[in-house]
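# Chain and residue survey
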Amino acid sequence: MLVLAAAGCTRDQIAYQVALPGTASAASIEWLGERAGYLDVRVDTAGRQLRFFLPAAAADCAALENASGEVSYANSGVLGRLDSGALRCEPVGVLSLDEWRSRRPRSSREPVPRARATWRVIYRDSELVLARGRFVLAGQLGWSGGADTVAVFAVDPRCAATLERGVGSLEYRPTGSDVLALVGADRRCPLLGLARPIP
């Protein structure tokens, strides 16, 4: 922590990077809309930008949009927590995999691991495609529940055939871009994020 302080990091940046339970940093939220029972939000905190899915059915999460108090991002639980006054909201999905990976210990494991994935598309709009299925390799990122999870993809016509196929190879990269990606015959289809299924 002293090294971070000497490098000119703010208190919020130190709290975010160290990620000790109970620490928090000031945050602001940009609401991107509701998708299939998830509230899609962008969170700016400690000079970083994170994107989360919040459960739309959770009253505290929905109330954050009109909260009058200050918002903070707390290091709590799996994906952290958004707080404002008495409101407490735990994200159920993360759509900033590169930033999320950077908070974990790095590995130079070779070769790049691949594993079979199966899924079915459950939602599609003009920006995102959500596919629910078995993405066990997500465990490399510290994600639990990969046997039944929702993978989030950007709409890309070049990936349409791969996503409709419902089965393929998932690849994890410990460094570089495309943290998780489906490997098709002629292209890679990167995941934007992962989310727990909404009951």
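Please refer to the structure higher up on the page.
Figured I'd write up the structure that's included with this text. Note that the structure is a prediction, hence the values are computed from the model and not measured. (Residues numbered from 1 in each chain as written. Predicted model: local features only at pLDDT ≥ 70, side-chain atom pairs only at ≥ 80, totals over all residues. Heavy atoms only, no water.)

## Some remarks on the pattern of salt bridges
Basically, it comes down to this: Any Lys or Arg side-chain nitrogen found within 4 Å of a carboxyl oxygen on Asp or Glu counts as a salt bridge. Elements are defined by DSSP. Helices are runs of H or I of four residues or more, strands are runs of E of two residues or more, and each kind is numbered from the N terminus. Classification of residues uses two cut-offs on accessible area relative to the type maximum, computed with a 1.4 Å probe and protein chains only: under 20% is buried, over 50% is exposed, and between them is partly exposed.
Under the criterion given, the structure shown has 17 salt bridges. The closest approach of N and O atoms between arginine 101 and aspartate 98, which form a salt bridge, is 2.5 Å. Of this pair, arginine 101 and aspartate 98 are both found in helix α4 (residues 97–102), three residues apart, which corresponds to roughly one turn of the helix. Exposure remark for aspartate 98: the relative accessible area of 45% places this residue in the partly exposed category. Between arginine 188 and aspartate 178 there is a salt bridge, with the nearest N and O atoms lying 3.6 Å from each other. Separated by 10 residues along the polypeptide, arginine 188 in strand β13 (residues 188–190) and aspartate 178 in the loop between β11 (167–172) and β12 (180–183) bring together distant segments of the chain. With relative accessibility at 29%, the residue aspartate 178 sits in the partly exposed group. Residues joined in a network through salt bridges with shared partners are Arg35, Asp40, Arg51, Asp125 and Glu127.

## Examining the state of the cysteines
Here is the rule: The disulfide criterion used throughout: a pair of cysteine sulfur atoms within 2.5 Å.
Under the counting rule described, the total for this entry stands at two disulfides. At a sulfur-sulfur separation of 1.9 Å, the disulfide partner of cysteine 61 is cysteine 89. On the sign convention where negative means left-handed, the S-S torsion of about 100° between cysteine 61 and cysteine 89 marks this disulfide as right-handed. Of this pair, cysteine 61 sits in helix α3 (residues 59–63) while cysteine 89 sits in strand β6 (residues 87–89); the two residues are 28 residues apart in sequence, bridging distant segments of the chain. As far as the burial class goes, cysteine 61 and cysteine 89 line up, both buried.

## Quick notes on the pairing of strand β9 (residues 128–134)
The condition is simple: A pair of strands is considered paired only if DSSP assigns at least 2 bridges between the two.
Most of β9 is tucked away: five of the seven residues are buried. Linking strand β8 (residues 114–124) to β9, which pair antiparallel, is a turn of three residues.

## Digging into the nonpolar core
Cut-off, in case you're wondering: Take the buried residues of types Ala, Val, Leu, Ile, Met, Phe, Trp, Tyr and Cys, join any two whose side-chain atoms come within 4.5 Å, and each joined set is a nonpolar core. Contacts are residue-level and defined by heavy atoms, with any inter-residue pair within 4.5 Å sufficient.
Grouped together as the largest cluster of nonpolar side chains are 39 residues, with contacts concentrated most on Phe52, Leu180, Leu182 and Leu191. What leucine 180 contacts, discounting residues up to four positions off in sequence, is Leu97, Leu137, Ala138, Leu141, Leu170, Glu171, Tyr172, Pro190, Leu191 and Leu194.

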